[in-house]
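# Notes for the structure review
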Amino acid sequence: MSITATTAEPTGAADARRGPRRTPRWHTLRALKGAAFAAPFFVGFLFVFVIPVGYAVYESLFSERSSGLGIGGQERVFVGLDNFSRALDDGAFWASVGRVLVFACVQIPLMLALALAMALLLDQIATRTAHRFRLAFLVPYMIPGVVAALMWMYLYSPRLGPLTDALGVLGVDADFYASEMLWVSMGNLLTWHGVGYNMLIIYGALRAVPREVFDAARVDGAGELRIAWSIKVPFVRGALVLTGMLAIIQMLQIFNEPLLFRQVAPETVTKSYTPIMLIYYQAFDSNDYGYAAALSVILALVVGAISFIFYKFTNRPQS
């Protein structure tokens, strides 16, 4: 009787003889499909964001200057960082940034507080009824910004609008185009136009909260106000941070409303009333495209820095 001994071959030697492992084909196909779904976003991001920003940086390095004694027209010259240095010393630009920031510190909290209150009230009613109110609250946001501004300018008009006459009956003499009332008029317009959109984001966050949490609080004896303040508001903190950051970005780029209000109050709404207005008039009124591009780049950096600081200090984990 003979016994045959077999020696097991090392695993590494067997793998080396079979060659390198190949990724299954379905893994490759799945990766390609994922890339195909993401391709439209990256293409849009490239053409809508990356290329325009790169072109603005490129334009900011040049300037149009008179050639010869000024009778030979304009010539395009490379000025390096001169436009940025000029922008950093531009008092009108930084005054416009500060003016908009002060306005944002008042208007944005009021708008978000109103949106939060509307979302909390909407969360209290039946789902079927809430759908109808949700659509009604969103209607102002569906109106284009220019159309909304023109509509409110008509309502504010002392000759044609009904608001002045209605307040006059109550004994209030209101001039919505006066210098001290102009920011109030624009703030009311911006709040009316944007509160529905912010309410919808907050309401969506509220609907994601498990209803069992509220039922448990009611069993423990908590009232609706206590539930709203201690449970619902903390749960929608992320939505409030998101809407606040979006509102800050939008506010620093405000353009349509002051540009239209300039038609009725040119002595108050100057060409440097907001940063975007200053950039617009530098580019298309003074034909100083290089300087306008430098201002645009600096404004983008300011918006990014303020948004980052706001997100950093408001999106802290709850203890």
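Data block above holds the structure.
Let me sum up the structure you'll find in this document. (Residues numbered from 1 in each chain as written. Predicted model: local features only at pLDDT ≥ 70, side-chain atom pairs only at ≥ 80, totals over all residues. Heavy atoms only, no water.)

### Thoughts on the pattern of salt bridges
Between side chains of opposite charge, a pair can form as their charged atoms come close. To keep it simple, the criterion reads: Criterion for a salt bridge: a side-chain nitrogen of Lys or Arg within 4 Å of a carboxyl oxygen of Asp or Glu. Think of it this way: any DSSP run of H or I at least four residues long counts as a helix, any run of E at least two long counts as a strand, and we number them from the N terminus. Categorising residues by exposure relies on relative accessible area from a 1.4 Å probe, with only protein chains included: less than 20% of the type maximum marks a residue as buried, more than 50% marks it as exposed, and the intermediate range marks it as partly exposed.
Tallied over the full model, the rule gives eight salt bridges. Lysine 232 is the salt-bridge partner of aspartate 123, the closest N and O atoms lying 2.9 Å from each other. Of the two residues, aspartate 123 sits in helix H4 (residues 91-124) while lysine 232 sits in helix H10 (residues 224-235), which places them 109 residues apart along the sequence. Each of the two residues, aspartate 123 as well as lysine 232, counts as buried. Residue aspartate 215 is joined to arginine 218 by a salt bridge in which the shortest nitrogen-to-oxygen separation is 3.2 Å. Within this pair, aspartate 215 and its partner arginine 218 are both found in helix H9 (residues 211-219), separated by three residues, close to a single helical turn. Classification of arginine 218 by relative accessible area gives partly exposed; the value is 35%. It is possible to trace a salt-bridge network through shared partners that takes in Asp123, Arg207, Arg211 and Lys232.

### Examining the packing of aromatic side chains
Counted only if it meets this: For Phe, Tyr and Trp, rings pair up if their centres lie within 6.5 Å, where Trp contributes its six-membered ring, and each pair is then called stacked (planes under 30 degrees apart), edge-to-face (over 60) or tilted (otherwise).
Applying the stated criterion across every chain, the model contains 18 aromatic pairs. Measuring from ring centre to ring centre gives 5.6 Å for phenylalanine 62 and phenylalanine 78, while their planes differ by 75°; the resulting arrangement is edge-to-face. In this pair, phenylalanine 62 is assigned in strand E1 (residues 62-66) and phenylalanine 78 in strand E2 (residues 74-78), connecting sequence segments 16 residues apart. Judged by relative accessible area, which is 57%, phenylalanine 78 ranks as exposed. Between tyrosine 156 and phenylalanine 176, the aromatic rings sit 4.7 Å apart at their centres with planes inclined by 25°, giving stacked as the arrangement.

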